[in-house]
Amino acid sequence: MASRIKARKILEGRTLRSFGVAKCYLTLFVMPPSAAAAWSFIWTVATKFFIPQYLEKIHIMRVRVKHVDHPLDGRIPFDPGLLPVYMRFINFWVDTIAMLETKFGVWNGSRLGARLLRYLKLSYSSAYDIYSYCMTTMNRPACDDKGIKALRRADPHFFCVPSLHIAICVLNYFFYKKLFADSDIDFTEGEKAAWLSELKEEGFAIGRSVLFLKQHSVNCLPAALYMMCRITPELFTPDDARTCISCFLSSGGSNSDGRISAEDGVEITAYMASMFDLLLNDASGREDWTLPLKNWLDGYSCLPVGGE
């Protein structure tokens, strides 16, 4: 029987963003409970995300590249102002480990954080099983914003399907939902409720930003949700995925400013739900979770944005 992990502090009233991440970036790589997981994760991100894209960009790596734009992407306006939200992607999960180190002490906090790091590594490694089969990209509108230009210089943009932004946002929320339910880990009810609400709100905001910045297509989101259902079934179920899709464009009042019409929102949501179910149905009886996505990639024909 696992021993109870007792809190050193009660942190009700503090947001996840309030925990400084600078110390956390150091401790994860040097503390014995987390160092191996942290370095393994960084190696995976380097070798299965960044390096392959740059090798493709300079024509050393030769993997086919398909456009995965969809006409519905044309119904979603481009909004460079959401770049700061998009860039919260990394600190979104580092904040939570900083919270664990503050609440339980660096040793126990980094030990719990290592669990998340192993899931993060699994997500990147699993996505690369698709990226190495077929790279994917989409058209992005011209933009003079300095931040957008910097993002595009840093991001070769060949790994769209499945979206790791979406996968990690989902993972972060559902990992902590399960962690908070563990009676052997000492969280208060107030901490659980507040932090899950914060993770949900910010996860949806970051997820929507990938569409409004044209970093991902409407095809990339259900692909990510399908992947997470298959590789982390103990955390994330098909019903969870369907709930995420149904709330994606409505949670937090994302359309309150009229950027997407109600009619378009319904159509986009229905499309993502149908694609998710298509992948899940194709997965029936298959042990290899990648085959439905590979089949979809083989058969998908990119239509012009705004086309019929």
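Above this text you will find the structure in question.
Throughout this description, residue numbers start from 1 for each chain and increase along the sequence as written. Totals for whole chains, interfaces and linings use every residue, but because this is a predicted model, local features are given only for residues with pLDDT of at least 70 and side-chain atom pairs only at 80 or more, for both listing and counting. Note: side-chain values were computed over all heavy atoms of the structure, leaving out hydrogens and water.

S.K.: Explain the pattern of salt bridges to me, please; I cannot follow it from the model alone.
M.R.: Once the charged atoms of two side chains with opposite charge are near each other, the side chains can pair. Only one rule defines a salt bridge in this text: a Lys or Arg side-chain nitrogen within 4 Å of an Asp or Glu carboxyl oxygen. Counted under the stated rule, the structure contains 14 salt bridges. Arg-17 is the partner of Glu-202 in a salt bridge, and the nearest nitrogen-oxygen pair spans 3.0 Å. Here Glu-202 is found in helix H8 (residues 189-212), whereas its partner Arg-17 is found in the segment before helix H1 (22-30), with 185 residues between them in sequence. Residue Arg-17 is classed as exposed on the basis of its relative accessible area, which comes to 51%. Through salt bridges with shared partners, a single ionic network connects Arg-17, Arg-88, Asp-95 and Glu-202. Numbering of helices and strands runs from the N terminus, with a helix taken as a DSSP run of H or I at least four residues long and a strand as a DSSP run of E at least two residues long. Relative accessibility thresholds used throughout: buried, under 20% of the residue-type maximum; exposed, over 50%; partly exposed, between the two (1.4 Å probe, protein chains only).

S.K.: Teacher, can you tell me more about helix H10 (residues 238-248) here?
M.R.: Note: α-helices contain 3.6 residues per turn, so residues at a spacing of three or four share the same orientation. Those residues of H10 that fall on the buried side of the exposure criterion are Asp-240, Ala-241, Cys-244, Ile-245 and Phe-248. Buried residues of H10 fall within an arc of 140° about the axis and therefore sit on the same side. Working rule for contacts: check all heavy atoms of both residues, and any pair within 4.5 Å makes them a contact. For H10, the elements touching its buried residues are helix H7 (164-181), H8, helix H9 (220-231) and helix H11 (262-282). Throughout, the arc means the angular range of directions from the helix axis out to the C-beta atoms.

S.K.: What is the right way to read the environment of Phe-175 from this model?
M.R.: Among the structural elements, Phe-175 can be located in helix H7. In this structure Phe-175 comes out as buried when scored by relative accessible area, which is 5%. Ignoring sequence-local partners within four residues, the contact set of Phe-175 consists of Leu-112, Arg-115, Leu-116, Tyr-119 and Leu-235.

S.K.: Quick question: what am I supposed to make of the packing of helix H4 (residues 89-104) against H8 here?
M.R.: In helix packing, the relevant descriptors are the interaxial angle and the interaxial distance, both defined with respect to the helix axes. Fitting a line to C-alpha atoms yields each axis, with helices limited to the stretch in contact; the angle taken between N-to-C directions then spans 0 to 180 degrees. Packing of H4 against H8 leaves a shortest axis separation of 10 Å and a crossing angle of 165°. In this view, H4 runs roughly antiparallel relative to H8, as classed from their interaxial angle. The two elements H4 and H8 cross, and the hand of that crossing is right-handed. Where H4 abuts H8, its residues Phe-89, Phe-92, Thr-96, Met-99 and Lys-103 lie against Glu-191, Trp-195, Leu-199, Glu-202, Gly-203 and Ile-206. Split by residue class, the contact of H4 with H8 holds 6 nonpolar, 2 polar and 3 charged. Throughout, the term roughly parallel applies to angles under 35 degrees, roughly antiparallel to angles over 145, roughly perpendicular to angles from 65 to 115, and oblique to all others. Crossing handedness is defined as follows: a turn of the near helix away from the far one that is anticlockwise and smaller than a right angle gives a left-handed crossing, while the clockwise case is right-handed. Charged residues are taken to be Asp, Glu, Lys and Arg, nonpolar residues to be Ala, Val, Leu, Ile, Met, Phe, Trp, Tyr, Cys and Pro, and polar residues to be all remaining types, Gly included.

S.K.: Got a minute to help me understand unusual backbone geometry in this structure?
M.R.: Keep in mind that most residues, glycine aside, have a negative phi and that most peptide bonds are trans. For the bond from Val-161 to Pro-162, the omega torsion is 0°, close enough to zero to count as cis. If you trace the backbone, Pro-162 turns up in the loop between helix H6 (146-154) and H7. Even without a glycine there, the phi angle at His-59 is positive, about 65°. Assessed through its relative accessible area of 53%, His-59 is described here as exposed. Its identity as a non-glycine residue notwithstanding, His-157 has a phi of 65°, on the positive side. Tracing the backbone through its elements, the reader meets His-157 in the loop between H6 and H7. On the basis of relative accessible area, His-157 is assigned to the buried category, the value being 4%.

S.K.: It is not clear to me how H9 should be interpreted in this structure. Could you clarify?
M.R.: For H9, with 12 residues, the first-to-last C-alpha span of 17 Å sits near the 16 Å given by 1.5 Å per residue. The element H9 is extensively covered by neighbouring structure, given that 11 of its 12 residues are classed as buried. Among all positions of H9, only Cys-220, Leu-221, Pro-222, Ala-223, Ala-224, Leu-225, Tyr-226, Met-227, Met-228, Cys-229 and Ile-231 are buried. Packed against the buried residues of H9 are helix H5 (106-131), H7, H8, H10, H11 and helix H12 (290-299). For a helix, the expected span equals 1.5 Å multiplied by the residue count minus one.

S.K.: Please explain the packing of aromatic side chains as it appears in this structure.
M.R.: Given two aromatic rings, their pairing is described by the distance between the two centres and the angle made by the two planes. Pairs were defined over the aromatic rings of Phe, Tyr and Trp, the Trp ring being its six-membered one, requiring ring centres within 6.5 Å. Orientation was assigned from the angle between planes: stacked under 30 degrees, edge-to-face over 60, tilted for the rest. On inspection of all chains with the given rule, the structure shows 21 aromatic pairs. Residues Trp-296 and Tyr-300 carry aromatic rings whose centres are separated by 4.5 Å and whose planes lie at 25° to one another, so their mutual orientation is stacked. Of the two residues examined, Trp-296 and Tyr-300, each falls in the buried class. Each member of the aromatic cluster is reached from another via a ring pair, and the members are Phe-19, Phe-104, Tyr-119, Phe-175, Tyr-176, Phe-180, Phe-187 and Trp-195.

S.K.: Explain the nonpolar core to me, please; I cannot follow it from the model alone.
M.R.: Throughout, nonpolar core names a set of buried Ala, Val, Leu, Ile, Met, Phe, Trp, Tyr and Cys residues whose side chains join them through atoms within 4.5 Å. Judged by nonpolar contacts, the single largest core of 106 residues is most densely connected at Trp-93, Leu-117, Leu-171, Tyr-176, Phe-187, Leu-225 and Phe-236. Broken down by element, this core gets its largest block of residues, 13 residues, from H7. Filtering out sequence-adjacent residues up to four positions away, Leu-117 remains in contact with Leu-28, Ser-34, Ala-37, Ala-38, Phe-41, Trp-93 and Ile-97.

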